[in-house]
Amino acid sequence: MIAIIKDKKIPAWAMLTALYVSFCMSSFMTFRGAWAAMMSGMTSPSVVLNNYIVSFLVGGLIPFGVYELLTRFVFRFAQARLGGDVEQMRYALRFFYIPANVVIFLLKLTYFAFPMLNMYGDLIFDFVVTAAFFVGYLFYIVRQIPKERIAPALYQLGGTFIIVYGFIELIAIVVEVLL
């Protein structure tokens, strides 16, 4: 896997497409609930099918856009601290986010069997799974940068992850309370 990442054997458009689909998968359950609440008066089969399709496609659009914007900004801002090819690091991060999103989707499928899990699952599943894959990414990055830059790089990337995810979780808590 490291050779595939390092040599960029998968084209950028394929990685972006896979990342978008993974965000569609991980956000599907949340957006399905929100979209269903907006369409609550309509119960025809076409509206229900449309609910699933729109929830899948639009549900991934916002997180994908936010992810791409944030990573572009963070890696450009942190280029001096990271020391190395930041575009390569950004490309590698996608390899860790795609499986994290797929695992989150699979965990969220339990919402069908346990609907009450929905309230806490969005807060817990997303953070725990993404943090675990992010730690894997940090282990990968440690091997890619010069030794004297490891501490500042871990501080920069880890701190940014905690701040961004803290903000995301705060928004998720507010949304869960309101909906």
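Computed from a predicted model, the values in this text were never measured in an experiment. (Residues numbered from 1 in each chain as written. Predicted model: local features only at pLDDT ≥ 70, side-chain atom pairs only at ≥ 80, totals over all residues. Heavy atoms only, no water.)

S.K.: Residues and numbers for helix α6 (residues 117-142), please.
M.R.: In this model, α6 (26 residues) spans 36 Å end to end at C-alpha, consistent with the 38 Å of a helix rising 1.5 Å per residue. Buried within α6 are the following residues: Gly 121, Asp 122, Phe 125, Asp 126, Val 129, Thr 130, Ala 131, Phe 134, Tyr 137, Leu 138, Tyr 140 and Ile 141. (Helix = DSSP H or I, 4+ residues; strand = E, 2+ residues; numbered from the N terminus. Expected span 1.5 Å × (residues − 1). Buried < 20%, exposed > 50% of the residue type's maximum accessible area, 1.4 Å probe, protein only.)

S.K.: Please set out the environment of Phe 77 residue by residue, giving values where relevant.
M.R.: Note on placement: Phe 77 falls in helix α3 (residues 45-77). Classification of Phe 77 as exposed rests on a relative accessible area of 61%. When the C-alpha positions of Phe 77 and Gln 156 are compared, they lie 9.9 Å apart, and in sequence the two are 79 residues distant.

S.K.: Give a description of the pattern of salt bridges that names residues and reports values.
M.R.: Side chains carrying opposite charge are able to pair once their charged atoms draw close together. Within the structure shown, the criterion is met by 5 salt bridges. Ionic pairing is found between Arg 76 and Glu 87, a salt bridge with its closest N-O pair at 3.1 Å. Of this pair, Arg 76 sits in helix α3 while Glu 87 is found in helix α5 (residues 86-108), placing the two residues 11 residues apart along the sequence. Residue Arg 76 is classed as partly exposed on the basis of its relative accessible area of 45%. The exposure class assigned to Glu 87 is partly exposed, which follows from its relative accessible area of 30%. Lys 108 is the partner of Asp 126 in a salt bridge, and the nearest nitrogen-oxygen pair spans 3.3 Å. (Salt bridge = Lys/Arg side-chain N within 4 Å of Asp/Glu carboxyl O.)

S.K.: Describe in detail empty space enclosed by the protein, supporting the description with residues and values.
M.R.: The full count for this structure, using the stated rule, is 1 cavity of 30 Å³ or more. For the largest cavity, the calculated volume is near 30 Å³. Counting residues per element, the ones that place at least two in the lining of the largest cavity are α5 and α6. Broken down by element, the residue count for the lining of the largest cavity peaks at 4 residues, all from α5. (1 Å grid on protein atoms, 1.4 Å probe; cavity = no way out; pocket = protein on both sides within 12 Å on 5 of 7 lines; lining within 4 Å. Points joined across faces, edges and corners; volume = space filled by probe spheres on them.)

S.K.: Which residues make up the packing of aromatic side chains, and what values do they have?
M.R.: Across all of its chains, the model carries 14 aromatic pairs by this definition. Measuring from centroid to centroid gives 5.0 Å for Tyr 67 and Tyr 97, while their planes differ by 55°, and the two rings are tilted. Here Tyr 97 lies in helix α5 and Tyr 67 lies in helix α3, a separation of 30 residues in the sequence. Of the two residues, Tyr 67 and Tyr 97, neither departs from the other in class, the shared state being buried. Judged by centre distance (5.7 Å) and plane angle (70°), the rings of Phe 96 and Tyr 137 are edge-to-face. Of the two residues, Phe 96 is situated in helix α5 and Tyr 137 in helix α6; the sequence distance between them amounts to 41 residues. A relative accessible area of 13% means that Phe 96 is categorised as buried. (Phe/Tyr/Trp six-rings, centres within 6.5 Å; stacked < 30°, edge-to-face > 60°.)

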